[in-house]
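# Per-entry structural report
What follows is each chain in one-letter form.
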Amino acid sequence: MSASRSETTNPAGPDEPESDAGSDTGPGPGAEVPGRDGPGSDLLAALLDGMDAALCAFDAGGVITHWNREAERILGWSAEEAVGRHGFAGWAVRTADADEVQARLMAVMDGPDRQVDEFALLRKDGGRVLIRTQSSAVRGADGKPAGVYSAFSEVHDQVDFERSVALSEALFEDASWGVVLVDVDLRPTVVNLQAARLLGTGRTSVLGRPLGELITQGVEELESALHHVLSEGAPSAVAELWMTVRTPDGERRRCWRCGFLRLASPLAEEPVPLGVGWMFQDVTDMKVAVQEADRLRFRGSQLHRAGRAAAECEDPMEAATVYLDFALAGFADHALIDLVAEGRGSGGFASGTSSGTPGPVRLVRTVATPAGGASGPSTQTGSGFIPVRYAAGHPALQAMDRIGSVRASAPTGTGGTAGANTGGNAGGGGNRGGNAGGNRGGNGGGASDAARQPVPAPAWASSRQWPEDSVHALCTVLRSRGRSLGVVTFLRGASRAAFERPDAVFAEDVTVRIAACLDLSALLPAADD
């Protein structure tokens, strides 16, 4: 709003002589009253000129004594034209409404509080404007009403202001989005309820703290975005950032959809940044669901393509390697197939073992993917019939023993042992169309979290006869016609997350197809004989 100006006048007091003995009316427009000029008049005029609201004042008789520039801007009447008039009748309000408007303005002198009114005034150009006034009584030294001052503005300006205030209040109380005001030092200054809930802390405890104390991973990306907004302005689109938040219940990995606004002072002539408005919403569940749907769609497509390719293979063993290669895409870095060896000392592979076969199981490495970082399809190892030196308790042997899936991960620290998860088919009697048992285990002490990157342990992998860069393993048993033919082992490096239960389900689905091919491969020589 513009600056303002004012002029003052005052009717003669009870002890002052009349300015005109023959006049029964107050001073006319622009009249000046002696005795009003003084050291404080200039200061009062300057204060009134600097007000953002329009202001007019009336003495006890209803004569206008003050009129600032904002009132002049809204109505078009200058201070010289307004000061000294008796009310608004005949110039700033319609004659039919003049008495009602004047009565409502002066009625505040009889009440203890301020009064809010709305009515229409006339502009100098003849137009009408709806204004909202806040009027209060002016008390004299004796405590009696000496006049009225009224601050007013156009109703639509006031409504816009009230809407802005109401919006601010709602954002910081009831908004479903988290809202944080961050100062130029990137420290939170105001936090709403939802933001405090998502950050896992209280609304006041987060104020003034560095963002790094609240977010353990992803804070660099967030601070970079805030710096960009401060220097370049708000981006045109929202951003999705993955964060690990420190909460009283531990660390949580969350995905937040974020929007940013640069805040500048509306009172400064030059834009001075006050900080950044950061609004965000937790979309973790939605992102996880989308990722899971994409993963399932891709894996289903891979199985379909693998089936089409395997159908063109004359050799069942080649078909088994085709299934293995298609399964590796986006799923694991290495894969191994170990088949059950025949009885002690006899050549060839066994047609399988039942769950009741006594004695230790010996597995022979039959198919493997290229090791040492080389790329290429899976190939038969040509290792003859020499069993792999698996120690007791090896995940592959556990899978054979439990007739299910076994997950294992290298230890994440300097000490401890590897953790193993067992799941899928467990219990005796084998798998005949479904799981015979339930989950036989849980996360071991060394199992890595999906968000943590374990330290590669070459000794851990090599001692288990796996490639040295392996960190996570998933062993699934090959089952066909009620017999266990061997084990398929999928291996991941340190750049991938540990295997989870959905991964074990997919691996079991692939293994069923590989087992059918291997079983057919074992039956064909017997049919030829």
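Further up the page is the structure itself.
What counts, and at which threshold
- Residues numbered from 1 in each chain as written.
- Predicted model: local features only at pLDDT ≥ 70, side-chain atom pairs only at ≥ 80, totals over all residues.
- Heavy atoms only, no water.
- Helix = DSSP H or I, 4+ residues; strand = E, 2+ residues; numbered from the N terminus.
- Contact = heavy atoms within 4.5 Å.
- Salt bridge = Lys/Arg side-chain N within 4 Å of Asp/Glu carboxyl O.
- Buried < 20%, exposed > 50% of the residue type's maximum accessible area, 1.4 Å probe, protein only.
- Core = buried A, V, L, I, M, F, W, Y, C linked by side-chain atoms within 4.5 Å.
- Disulfide = S-S within 2.5 Å.
- Polar contact = N/O pair within 3.5 Å; in protein donor to acceptor, adjacent residues only side chain to side chain.
- Pairing = 2+ DSSP bridges.
- Axes fitted to C-alpha atoms, helices over the stretch in contact; angles between N-to-C directions.
- Parallel < 35°, antiparallel > 145°, perpendicular 65-115°, else oblique.
- Left-handed = near helix turned anticlockwise from the far one by under 90°.
- Nonpolar A, V, L, I, M, F, W, Y, C, P; charged D, E, K, R; others polar.

Another aspect to go through is the overall build of the chain. When helices and strands are tallied, the chain shows 12 helices and 18 strands. Summarising the internal contacts of the chain: among those between residues at least 6 apart in sequence, 56% fall at separations of at least 24.

For the structure on display, the rule yields 23 salt bridges. Residue glutamate 100 pairs with arginine 104 through a salt bridge whose shortest N-O separation is 3.5 Å. Of this pair, glutamate 100 and arginine 104 are both found in helix 4 (residues 95–106), four residues apart, which corresponds to roughly one turn of the helix. We classify arginine 104 as partly exposed; its relative accessible area is 25%. As a salt-bridge pair, glutamate 508 and arginine 501 come within 3.8 Å of each other at their nearest N and O atoms. With relative accessibility at 16%, the residue glutamate 508 sits in the buried group. The exposure class of arginine 501 is partly exposed, given its relative accessible area of 28%. Shared partners join several salt bridges into a network, and the residues in it are Glu100, Arg104 and Asp117.

Turning next to the nonpolar core. Leu324, Phe331, Ile337, Leu478, Phe490, Ile514 and Leu518 are the most contacted members of the largest nonpolar core, which totals 32 residues. Broken down by secondary-structure element, the contributors of at least two residues to this core are helix 8 (284–310), helix 9 (316–328), strand 12 (334–340), strand 17 (472–480), strand 18 (483–492) and helix 12 (501–528). Ignoring anything within four residues of it in the chain, the contact list for phenylalanine 331 reads Arg299, Leu474, Phe490, Arg492, Arg496, Phe499, Asp503, Phe506 and Ala507. Membership of the second largest hydrophobic core comes to 28 residues, among which are Ala54, Phe58, Ile64 and Val129.

Let us look at the state of the cysteines. The final tally for this structure, using the stated rule, is zero disulfides. Between cysteine 258, a free cysteine, and cysteine 255, which holds the nearest cysteine sulfur, the sulfur-to-sulfur gap is 8.1 Å. On the basis of relative accessible area, cysteine 258 is assigned to the buried category, the value being 0%. In this structure cysteine 313 is a free cysteine whose sulfur lies 8.3 Å from that of cysteine 517, the closest cysteine sulfur available.

Within the secondary structure layout, alanine 46 lies in helix 1 (residues 39–49). By relative accessible area, alanine 46 is classed as partly exposed at 46%. Remark: the alpha-carbon pair of alanine 46 and asparagine 68, spanning 22 residues in sequence, is separated by 9.7 Å.

By the secondary structure assignment, alanine 497 is in the loop between strand 18 and helix 12. As a C-alpha pair, alanine 497 and serine 409 span 88 residues in sequence and 9.8 Å in three-dimensional space.

With that settled, the discussion passes to the side chain of threonine 321. Tracing the backbone shows threonine 321 in helix 9. If we skip the residues at most four places from it in the chain, threonine 321 touches Val367 and Ser378.

Take the side chain of histidine 472 next. Relative to the elements of secondary structure, histidine 472 occurs in strand 17. A polar contact of 3.3 Å, which involves the side chain of histidine 472, links it to the backbone oxygen of arginine 496.

Among the residues making up helix 10 (residues 395–402), those that are buried are Pro395, Ala396, Gln398, Ala399 and Met400. Isoleucine 403 lies just past helix 10 and shows a positive phi near 50°.

On to the sheet that holds strand 8 (residues 215–217). Sheet architecture is open: six strands sit in the order 7-6-11-10-9-8, paired in antiparallel fashion. At either end of the open sheet lies a strand with only one pairing partner, and these are strand 7 (188–191) and strand 8. Averaged over all neighbouring strand pairs, the angle between strand axes comes to 40°, with direction disregarded. By the bridge criterion, nine bridges tie strand 10 (residues 250–264) to strand 11 (residues 273–282) in an arrangement that is antiparallel. Residue pairing across strands places alanine 264 opposite proline 273, the latter belonging to strand 11. Contacts from helix 8 reach strand 9 (239–247), strand 10 and strand 11 within the one sheet, and its direction differs from that of strand 10 by about 115°.

Take the pairing of strand 13 (residues 363–368) next. Within strand 13, six of the six residues are buried, leaving the element largely enclosed by the surrounding structure. Summarising the sheet, strand 13 and strand 14 (residues 379–380) pair through two bridges and their orientation is antiparallel. Its bridge partner lying in strand 14, valine 367 is registered against glutamine 380.

For the pair helix 8 and helix 9, the least separation of the axes is 9 Å and the interaxial angle reads 160°. Put simply, helix 8 runs roughly antiparallel to helix 9. When you trace helix 8 past helix 9, the crossing you get is right-handed. In contact with Gln302, Arg305, Ala306, Gly307, Ala309 and Ala310 of helix 8, helix 9 contributes Ala319, Val322, Tyr323 and Phe326. Grouping the constituent residues of the contact of helix 8 with helix 9 by class yields seven nonpolar, two polar and one charged.

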